Amino acid sequence: MSCSGWTKHFIVKINEGQSKQIRCMAHKCIAICDEAVVRKLVSKRHPDLADKFDRFLFESYIEDNKMVKWCPSIPHCGNALRVENDEFCEVECSCGSQFCFSCLSEAHSPCSCLMWKLWTKKCRDESETVNWITVHTKPCPRCHKPVEKNGGCNLVSCICGQAFCWLCGGATDRDHTWSNIANHSCGRYKEDGKKKAEHAKKYLYRYMHYHNRYKAHTDSFQQESRLRETIKEKVLNLETRDSKFRDFSWVTNGLYRLFRSRRILSYSYPFAFYMFGDDLFNNEMTAKERQIKQNLFEDQQQQLESNIEKLSIFIEEPFDTYSEEEVIQTRMQVINLSVIIDNLCKKMYDCIENDLLGSLQFSRHNIAPYLSKGIERAVEPTIGGSTKAGCNNNCQEADDQDNGKVVLDFLSLSL
C-alpha cells in the first residue's frame, strides 16, 4: 500500500486518541507500527497532528510509569517530574509547588500518606461534630432530634413537646418533684450506655488536643512566612552600617530552618494522633509498649518545639537596631539553634523510621526521608532542538541525598 494510505490510517488512529501500539491496517495483523514511522509520515501532511501524537505518547509514558507524575499544582503548570529509586519522597516543581510524590498531596512528612489522608478527611468532614452531639446531647424518644440540656433538672422537654428523663432517655410525663419524676424510675446502672458516652468524650478530647496543636503550629508557620520581606529589610539595614561583618547568611539560613522545622513539627501531631491511637495500630503493640514509645516520641517533640520557639523569638527581634556586640550574640544564638533543630529533626525521623514505623509487623507505612537542605527541587532543562516530543527529551540533574544519589528529572510539556 502507498504511503498515502498508511498516512490516512495513522491520522484516523491519532484522531481516535491512540498513540502507542497503533496496529497494522491489514486484516488480523497484530504487528505494531513503529512510532518514528508514524511521526515521519504524519508530520509531512499534518505537522500539528504529529505534535498531538507526541503529546499522546508523552501522556501514555507518564501513565505507565509510576516514577513519573504530573505536578498537581492548581492551576496546572504542565510540568512532569520523575524520580529514581524511591517514590516515597517530597519534591518541588519549578513552579514552586511542593508535594508528596507518592500521593500527590501537599508535602506532609513525617505523616505517612494514609495518615495524612485520614487526617485531612477527619478535619474536613463533620465526624467530630457528631462526636460532640453524642457527648453533649441525647435523642428525643419521640422525634429523635438531639436535645441539649440547659438546666439542672433532669426532666427535659423537646421542641416537639415530648418530655423525657435526661438520665436514661426514657419518655415520661411532665409531673415531677425535687426528688423524682412521677411514675418513672431509672436508678439501675446501665454499663453500655455510660461506656459509650465516656469513650466518645475521651476520643473527642484526644482529637482536640492534637488538632489544636497542629492548627497552632500551622498558623505560626503562615505568620512566620510573612517574615521574608521584614528579614530582607533588616539585612539591608545591617549592610548599610559600618561594620566588620558583611556575611548575613545566618539570618536567611535561620529563617529557612524555622520554616522547615515548623512545618515538620505541625505534621508531627497528626502522626502522633494515629501512631498512638486505636485507629491504625491497635494490634501492633501492647498498651505498655505504646506508652513507652509515646513518651519517647513526645520527649523529642517537646525538645524540638522548645528550640523552634526560641529560634522564632531571635528571628523576629529587631536585631538591625542592635549594637555590634548584640548582633554578634544574636548571630551565635541563631546559628547554634539552627544546628540543634536540624539534629533534633534528624533524631525524630530516625525514631519514627526505626523505633516506631520500623517495628510494625502487620502494617507498612513509608514516609519521605528528612533532608537537611530541604525538599529537592527539580530543575527545568535547556533542551536543544525540538521540544515537542517531551518523552524523547530528558534532562537529568543528580543531587546528593544523605550520601545516596537521588536523581530528579524534569520533563517539560507546554499544555
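Treat the numbers as computed from the prediction; the structure is a model and nothing was measured. By convention here, each chain's residues receive numbers from 1 onward along its written sequence. Reporting in this predicted model follows two pLDDT cut-offs: at least 70 for local features of residues, and 80 or more for side-chain atom pairs to be given and counted; totals over whole chains, interfaces and linings ignore these cut-offs and use all residues. For the side-chain quantities, the full set of heavy atoms in the structure was used; hydrogens and water were omitted.

1. What to know about the overall build of the protein
For clarity, the threshold we go by: For helices the rule is a DSSP run of H or I covering at least 4 residues; for strands it is a run of E covering at least 2, with both sets numbered from the N terminus onward. Note on classification: 1.4 Å probe, protein chains only; a residue is buried when its accessible area is under 20% of the maximum for its type, exposed when over 50%, partly exposed between these limits. Note on contacts: a residue pair is in contact if any heavy atoms of the two residues lie within 4.5 Å. Here the open area of atoms and residues is found with the Shrake-Rupley method and a 1.4 Å probe, where only the protein chains shown may cover a residue.
In terms of regular secondary structure, the protein is built from 10 helices and 11 strands. Looking at the 415 residues of the protein, the share that counts as buried comes to 40%. The long-range fraction of contacts in the protein, counting pairs at least 24 apart against all pairs at least 6 apart in sequence, stands at 60%. For the protein, the accessible surface area stands at approximately 23,800 Å², while carbon and sulfur atoms represent 50% of it.

2. Notes on the nonpolar core
Spelled out, the test is: Take the buried residues of types Ala, Val, Leu, Ile, Met, Phe, Trp, Tyr and Cys, join any two whose side-chain atoms come within 4.5 Å, and each joined set is a nonpolar core.
Judged by nonpolar contacts, the single largest core of 51 residues is most densely connected at Phe271, Met275 and Leu357. Those elements giving two or more residues to this core turn out to be α4 (113–124), α6 (191–224), α7 (227–240), α8 (249–275), α9 (287–316) and α10 (324–356). Residue contributions to this core peak at 14 residues, all from α8. If we skip the residues at most four places from it in the chain, Met275 touches Met115, Phe281, Met285, Leu356, Leu357 and Leu360.

3. With respect to α9
For an α-helix the count is 3.6 residues per turn, leaving residues at separations of three or four pointing the same way. Quick reminder of the rule: How far a helix is expected to stretch is found by multiplying one less than its residue total by 1.5 Å.
In this model α9 runs 42 Å from its N-terminal to its C-terminal C-alpha over 30 residues, within 8% of the 44 Å that 1.5 Å per residue would give. For α9, the full list of buried residues reads Arg290, Gln294, Phe297, Gln300, Gln301, Leu304, Asn307, Ile308, Leu311, Ser312 and Ile315.

4. Topic: the pattern of salt bridges
Heads up, the condition is: Here a salt bridge means any side-chain nitrogen of Lys or Arg lying within 4 Å of a carboxyl oxygen belonging to Asp or Glu.
Counted under the stated rule, the structure contains seven salt bridges. A salt bridge links Glu90 to Arg263; its shortest N-O distance comes to 3.6 Å. With Glu90 in strand β3 (residues 90–92) and Arg263 in helix α8, the pair connects residues that are 173 residues apart, well separated along the chain. Given a relative accessible area of 7%, Glu90 falls into the buried group. Asp219 serves as the salt-bridge partner of Lys215, at 3.0 Å between the closest nitrogen and oxygen. Residue Lys215 and its partner Asp219 are both found in helix α6; the two are separated by four residues, about one turn of the helix. You can call Lys215 partly exposed: its relative accessible area is 40%. Each of Glu224, Arg262 and Glu309 takes part in one network of salt bridges that share partners.

5. Thoughts on the environment of His365
What counts is decided by this rule: Here a polar contact means two N or O atoms within 3.5 Å. Within protein one must be a hydrogen donor candidate and the other an acceptor candidate, and residues neighboring in sequence count only if both atoms are side-chain atoms.
Inspection of the secondary structure assignment puts His365 in the loop between α10 and β9 (376–377). With 251 residues separating them in the primary sequence, His365 and Leu114 have C-alpha atoms 7.8 Å apart. Among residues more than four places away in sequence, those in contact with His365 are Ser112, Leu114, Met115, Leu280, Phe281, Leu357 and Leu360. One polar contact links His365 to Ser112, side chain to side chain, over a distance of 2.8 Å.

6. Quick word on the sheet that holds strand β4 (residues 98–100)
The condition is simple: Note: two strands are recorded as paired if DSSP finds a minimum of 2 bridges between them.
The mixed open sheet is built from three strands, whose spatial order is β4-β3-β9. With one partner strand each, in any of the chains shown, β4 and β9 form the two edges of the open sheet. Sheet topology places β3 next to β4; three bridges connect them, and they run antiparallel. Looking at β4, one finds that Glu90 is bridged to Cys100.

7. Observations concerning the side chain of Ser266
Counting through the fold element by element, Ser266 comes out in helix α8. At 2.7 Å, the side chain of Ser266 and the backbone oxygen of Arg263 are in polar contact. Beyond its immediate chain neighbours, meaning those up to four positions away, Ser266 contacts Tyr214, His217 and Thr218.

8. Comments concerning the packing of α4 against α8
To characterise two packed helices, one gives the angle between the axes of the helices and the distance between these axes. The test is simple: Between N-to-C directions, angles span 0 to 180 degrees; the directions come from axes that are lines fitted to C-alpha atoms, helices contributing only their stretch in contact. In this scheme, roughly parallel covers angles under 35 degrees and roughly antiparallel covers those over 145, while 65 to 115 is roughly perpendicular and the rest are oblique.
Taken N-terminus to C-terminus, the directions of α4 and α8 make an angle of 100°; their axes are 10 Å apart at the nearest point. One element, α4, and the other, α8, form an angle in the roughly perpendicular class. Only Tyr267, Pro270, Phe271, Phe273, Tyr274 and Met275 of α8 make contact with α4, whose side of the interface consists of Met115, Trp116, Leu118, Trp119 and Lys122.

9. Let's talk about the pairing of strand β2 (residues 79–83)
Along β2, five of the five residues are buried, which leaves the element largely enclosed by surrounding structure. Here strand β1 (residues 68–70) pairs with β2 via three bridges, running antiparallel. Looking at the pairing, Lys69 lines up with Leu81 of β2.

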